[in-house]
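Notes for the structure review
Okay, here's what each chain looks like letter by letter:
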Amino acid sequence: MPLAAEDQPTQWYAPQRRPAADGVASISLRLRESTRPGRPPEEGTVPGHSPTDDPRHEQRMLWVDGVGGYLVSLAEDLLIGQPAAPGGIGPGLAILADLSRRHARLSRTGGSYVLTPLAEATVDDRSIDGPTVLNDGALIGLGDVRLRFSRPHALSASALLTVESGHRTTPAADAVLMMAESCILGPKPHSHIRCPHWQDEAILFRGGDEGLVCRSGAGLLVDGQPIDGPAPVSPGKRIDGQDFALCVEEVTEA
């Protein structure tokens with residue numbers, strides 16, 4: 001894939017072939033939408049993902065005591081736009097702002113994150129009209145909305161989206177975590193979720209059936225009961241560590 005000059009904030013994305021062993025189709029990304037907003041979608045899609053799917057079954061709300069609430073997306077694609085009308089199915093990231101219902105799509109593919117504009121969009125204050133690879137720290141502009149994209153840990157493909165323009169997401173969240181295999185919570189700069197008052201780190205990673213599991217260097221309690229080894233993070237269950245507590249809920253808004 002040709003790379004932009006080092007001083008450029010973004011790279012143009014071209015589809016790449018992947019080895020069949022990774023379980024993904026040989027073309028790593030084919031656009032669902034045209035590279036220019038307003039044109040009809042192309043036929044190709046990323047296998048297993050449909051724009052009409054309800055995103056909520058691949059999302060969780062993560063609540064970390066004394067830190068905040070985070071919308072965790074386990075999907076590889078995140079559609080960004082306005083919330084749906086009551087009773088409808090909204091995008092994976094719904095923002096209360098003057099946006100299109102389908103304003104942009106953020107996809108994780110081949111270890112990179114690609115933003116595809118479906119309406120007016122910028123990256124680092126430059127207009128884009130096609131799929132664009134995001135670098136760590138990129139500023140996404142969607143209308144009046146500003147989203148900061150970050151990948152704080154070099155060994156993790158998980159990424160964080162933080163709204164910097166004061167707009168509210170629904171469900172309300174301090175940030176959105178696009179979770180790959182794992183994410184780190186803790187006091188260090190490379191933590192996906194910064195918890196400045198913690199002494200140790202906690203790691204969330206995927207378990208069976210898209211569930212989440214928590215691991216920490218110290219012992220863990222699940223609803224007040226000690227558990228040996230990693231603790232399953234089931235909706236409604238409280239996980240306590242040496243100096244932290246967290247829980248997850250199923251997402252009911254979209």
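Below is a summary of the structure that appears in this document.

1. Observations concerning the overall build of the protein chain
Assigned secondary structure in the protein chain consists of 0 helices and 24 strands. Here the protein chain, with 254 residues, has 46% of them falling under the buried criterion. If you take every contact in the protein chain between residues at least 6 apart in sequence, the share linking residues at least 24 apart comes to 41%. A total of about 12400 Å² of accessible surface is found on the protein chain, and carbon and sulfur atoms cover 48% of it.

2. Points about the nonpolar core
Ranked by size, the top nonpolar core spans 27 residues in total, and within it L142 and L161 carry the most contacts. Among the elements of the structure, β4 (77–81), β5 (93–95), β6 (104–109), β7 (112–117), β11 (139–142), β12 (145–150), β13 (159–163) and β15 (175–178) are those that each provide at least two residues to this core. With 3 residues, the top contributor of residues to this core is β12. Setting aside its immediate chain neighbours within four residues, L142 contacts I80, L99, H103, A104, E120, A121 and L147. Membership of the second largest hydrophobic core comes to 26 residues, among which are V64, L160, C195 and W198.

3. Observations concerning the pattern of salt bridges
In total, this model carries 4 salt bridges according to the counting rule given. The salt bridge involving D65 is made with R238; its shortest N-O contact spans 3.2 Å. Of the two residues, D65 is situated in the loop between β2 (59–64) and β3 (68–73) and R238 in strand β23 (residues 238–240); the sequence distance between them amounts to 173 residues. In this structure, D223 engages K237 in a salt bridge whose closest nitrogen and oxygen atoms are separated by 3.5 Å. Taken as a pair, D223 in the loop between β20 (220–222) and β21 (225–227) and K237 in the loop between β22 (231–233) and β23 lie far apart in primary sequence, 14 residues in all. When its relative accessible area of 36% is taken as the criterion, K237 is described as partly exposed. Overlapping salt bridges bring together D65, R238 and D240 as one network.

4. Notes on the sheet that holds β13
Pairing is mixed in the open sheet, where 12 strands are placed in the order β9-β8-β11-β12-β13-β15-β3-β2-β24-β23-β20-β21. Two strands lie at the open edges of the sheet, namely β9 (126–127) and β21, each paired on one side alone. Relative to β9, strand β8 (residues 122–123) runs antiparallel, the two being bridged by 2 bridges. Directly across from V123, in β9, lies its bridge partner R126.

5. What to know about the environment of N135
Looking at where N135 falls in the secondary structure, it is placed in the loop between β10 (132–134) and β11. For N135, a relative accessible area of 28% puts it in the partly exposed group.

6. Brief notes about the side chain of H192
By the secondary structure assignment, H192 is in the loop between β16 (182–186) and β17 (193–194). Setting aside anything within four residues of it in sequence, one finds H192 in contact with P152, H153, S156, S158, L160, L177, S182, C183 and I184.

7. Looking at the pairing of β15
Of the two faces of β15, the one holding A175 and L177 and the one holding V176 and M178 are both buried throughout. As paired elements, β13 and β15 share 3 bridges and run antiparallel to each other. From the neighbouring strand, L161 faces β15, where its bridge partner is V176.

8. Focus on the packing of aromatic side chains
Using the criterion set out here, one finds 2 aromatic pairs in the structure. Ring geometry for W198 versus F244: centroids 4.6 Å apart, planes at 25°, classification stacked. Of the two residues, W198 is situated in the loop between β17 and β18 (202–206) and F244 in the loop between β23 and β24 (245–250); the sequence distance between them amounts to 46 residues. Each member of the pair, W198 together with F244, is buried.

9. Concerning the sheet that holds β18
Reading across from one edge, β17-β16-β18-β19-β22 is the order of the 5 strands in this open sheet, with mixed pairing throughout. Of all strands in the sheet, those with a lone pairing partner are β17 and β22, marking the two edges. Pairing of β16 with β17, which is carried by 2 bridges, proceeds in the parallel orientation. Among the inter-strand pairings, G186 is bridged to a residue of β17, identified as R194.

About the cut-offs
- Residues numbered from 1 in each chain as written.
- Predicted model: local features only at pLDDT ≥ 70, side-chain atom pairs only at ≥ 80, totals over all residues.
- Heavy atoms only, no water.
- Helix = DSSP H or I, 4+ residues; strand = E, 2+ residues; numbered from the N terminus.
- Buried < 20%, exposed > 50% of the residue type's maximum accessible area, 1.4 Å probe, protein only.
- Contact = heavy atoms within 4.5 Å.
- Areas by Shrake-Rupley, 256 points an atom, 1.4 Å probe, with all protein chains shown as cover.
- Core = buried A, V, L, I, M, F, W, Y, C linked by side-chain atoms within 4.5 Å.
- Salt bridge = Lys/Arg side-chain N within 4 Å of Asp/Glu carboxyl O.
- Pairing = 2+ DSSP bridges.
- Phe/Tyr/Trp six-rings, centres within 6.5 Å; stacked < 30°, edge-to-face > 60°.

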